[in-house]
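Here's the letter readout for the chains.
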Amino acid sequence: MSQSSSDKTILHVDANNFYASCECAKDPALRGKPMAVCGDPTRRKGIILAKSYEAKRYDIKTGDTVYQALSKCPNLILVQPDFALYGRYSRALFDLYTQYTDRVECFGMDECWLDVTGSSRLFGSGEEIANQIRSRVKQGLGLTVSVGVSFTKVLAKLGSDYKKPDATTVFSRDNFRDIVWGLPVSDMIMVGRRTAQTLRALGVLTIGDLARMPQEVLRRKLGVNGIKLWNAANGIEDEEVLRYVDHVIPESISNGTTTPIDITKEEEILSLITVLADNVATRLRGYGLRALNVYVSAKTREFLPFGGSMRLDSPIGSATEIISSCMEMILALWQEHHRAPLRSITVGVGHLMGANESVQLNLFDETDHQKTTNADLSVDNIRARFGKDIIQRGAACVNTFTSEEIIDEADFRPFKKN
Ligand SMILES: [Mg+2]
């Protein structure tokens, strides 16, 4: 069976050893050496988040403790994560990908699908585009990517995994059965550990076993999902690659409000910030994101603006954490402004990262991020003080520009958290 004329051309592009590669691109002295990115290396409990290929040769694994990693490779170079750096590289990658098509669907910071069906007139075949992307990423950014080219998202993803680093793999209608059907079924993106167990009990070990299974059996054991899996294994899919602008992660989320009367007390600042931060945290959760940067700004009765931003050691998601950072900053700044009566406050978070990265980050994050807020109490306080609808008046906004740009608007000074 040959390429059907209605087939899509889909690429899955995956940056190799992303965190570690960003560090090596920034500091060429690290290249070619066993190195790893980890939580605080001075604490033996720090955990390996990413490692170079040289470190992989020593059997160092993501999730190893620093202690384990060093006992496998005493010369291992340890680097602390620099998420702002990874964010910059990630944006540079997506800037490049979106030059080929507007259909660029992010899957974490360093992976995405591209639908280049309509791009071949300008840029060549899927394979040619994949090779162009690989060489441009390598020359321009000093990173390598693996690319899978196929006619479905599932197969394209299998392709980027198949050969790495810095490789292009094409799964066509002609060859996918020969190669893909021999792969373990757990390599497929939709197959988690539990599904793999269920399939194993049915004697399904490879993607080919799955493709040849009677659909009825799969439906009985796995419901609608069983049919989806069967379709995926057989190269049948009607999934769209999302348009970049429709789902791209906002760079910052903020919430601000102007009060009808002056704010003159510390408790009033706390109440207002609590309400604003709670809104920001809720939206942050809605996006499945966490933030590495918190900022706060205020205006005095005379409309004099001031503000500050804080870079955090690990990403946060809860209102409590946003509140405490904002309070620390605003109280210091307010003091400098002689506790002048305030008329407006804005709370925001930036350097946002997706759920994928956050899950990894949780590994080394030893602080408790699941603290509950006492927002409800404060909401009542603030309503009592400023009126019932003050909460709704808060102007919520999602920004697609960087927090640095917003920070420029006011007299911001960075706070360094130690
Ligand atoms: Mg990757």
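For the structure itself, look to the data block above.
These numbers come from a predicted model, not from an experiment.

Caption draft 1: Representation of the overall build of the protein chain within the structure. When its secondary structure is counted, the protein chain shows 19 helices and 14 strands. Taking all 418 residues of the protein chain together, 52% fall into the buried category. A separation of at least 24 residues holds for 68% of the contacts in the protein chain among residues at least 6 apart in sequence. Surface summary for the protein chain: the accessible area is close to 19,900 Å², and the carbon and sulfur share equals 50%.

Caption draft 2: Geometry of the environment of Ile273. Structurally, Ile273 is set in helix H14 (residues 266-287). A residue is classified by how much of its surface remains accessible, and Ile273, at 0% relative accessible area, is buried. A sequence separation of 18 residues divides Ile273 from Asn255, and the C-alpha atoms of the two residues are 9.5 Å apart. When near neighbours in sequence (up to four residues on either side) are disregarded, Ile273 contacts Val296, Ile323, Cys326, Met327, Ile330, Ile345 and Val347.

Caption draft 3: Summary view of the coordination of the magnesium ion. Of the protein atoms, only Asp14 (OD), Ala15 (O) and Asp110 (OD) coordinate the magnesium ion, at distances of 2.1 to 2.3 Å. The motif formed by the donor residues of the magnesium ion, counted along the single chain, is D-A-x94-D. Taken together, the residues Ala15 in strand E1 (residues 10-15) and Asp110 in the loop between strand E5 (104-106) and strand E6 (111-115) connect sequence positions 95 residues apart. Accessibility classification places Ala15 together with Asp110 in one group, the buried group.

Caption draft 4: Layout of the pairing of strand E12 (residues 342-353). Within E12, 10 of the 12 residues are buried, leaving the element largely enclosed by the surrounding structure. Across 8 bridges, strand E9 (residues 252-263) lies against E12 in antiparallel orientation. Note that in E12 the partner of Ile253 across the bridge is Val349. Relative to E12, strand E10 (residues 290-300) is paired through 10 bridges, and the arrangement is antiparallel. When the bridges of E12 are listed, Arg290 appears paired with Met353.

Caption draft 5: View of unusual backbone geometry. Cis rather than trans, the peptide bond between Lys164 and Pro165 has omega equal to 0°. Mapped onto the elements of the fold, Pro165 is located in the loop between helix H7 (153-162) and strand E8 (168-170). Unusually for a residue other than glycine, Asn17 sits at a positive phi of about 45°. Following the sequence through the fold, Asn17 ends up in the loop between E1 and helix H1 (18-26).

Caption draft 6: Geometry of the packing of aromatic side chains. Following the criterion strictly, the structure yields 9 aromatic pairs and no others. Relative to Tyr86, the ring of Tyr19 lies with its centre 4.4 Å away and its plane at 10°, an arrangement referred to as stacked. Of this pair, Tyr19 sits in helix H1 while Tyr86 sits in helix H4 (residues 83-97), placing them 67 residues apart in sequence. Each member of the pair Tyr19 and Tyr86 is classed as buried. Relative to Trp181, the ring of Phe176 has its centre 6.3 Å away and its plane inclined at 90°; by these criteria the two rings are edge-to-face. Accessibility classification places Phe176 together with Trp181 in one group, the buried group. Members of the aromatic cluster, joined through ring pairs, are Phe18, Tyr19 and Tyr86. In this structure, Lys56 packs its charged tip against the face of Tyr53, placed 4.4 Å from the ring centre.

Thresholds applied
Residues numbered from 1 in each chain as written. Predicted model: local features only at pLDDT ≥ 70, side-chain atom pairs only at ≥ 80, totals over all residues. Heavy atoms only, no water. Helix = DSSP H or I, 4+ residues; strand = E, 2+ residues; numbered from the N terminus. Buried < 20%, exposed > 50% of the residue type's maximum accessible area, 1.4 Å probe, protein only. Contact = heavy atoms within 4.5 Å. Areas by Shrake-Rupley, 256 points an atom, 1.4 Å probe, with all protein chains shown as cover. Donors = N, O, S within 2.8 Å, 3.2 Å for Na, K, Ca; no water. Pairing = 2+ DSSP bridges. Phe/Tyr/Trp six-rings, centres within 6.5 Å; stacked < 30°, edge-to-face > 60°. Lys NZ or Arg CZ within 6 Å of the ring centre and 35° of its normal.

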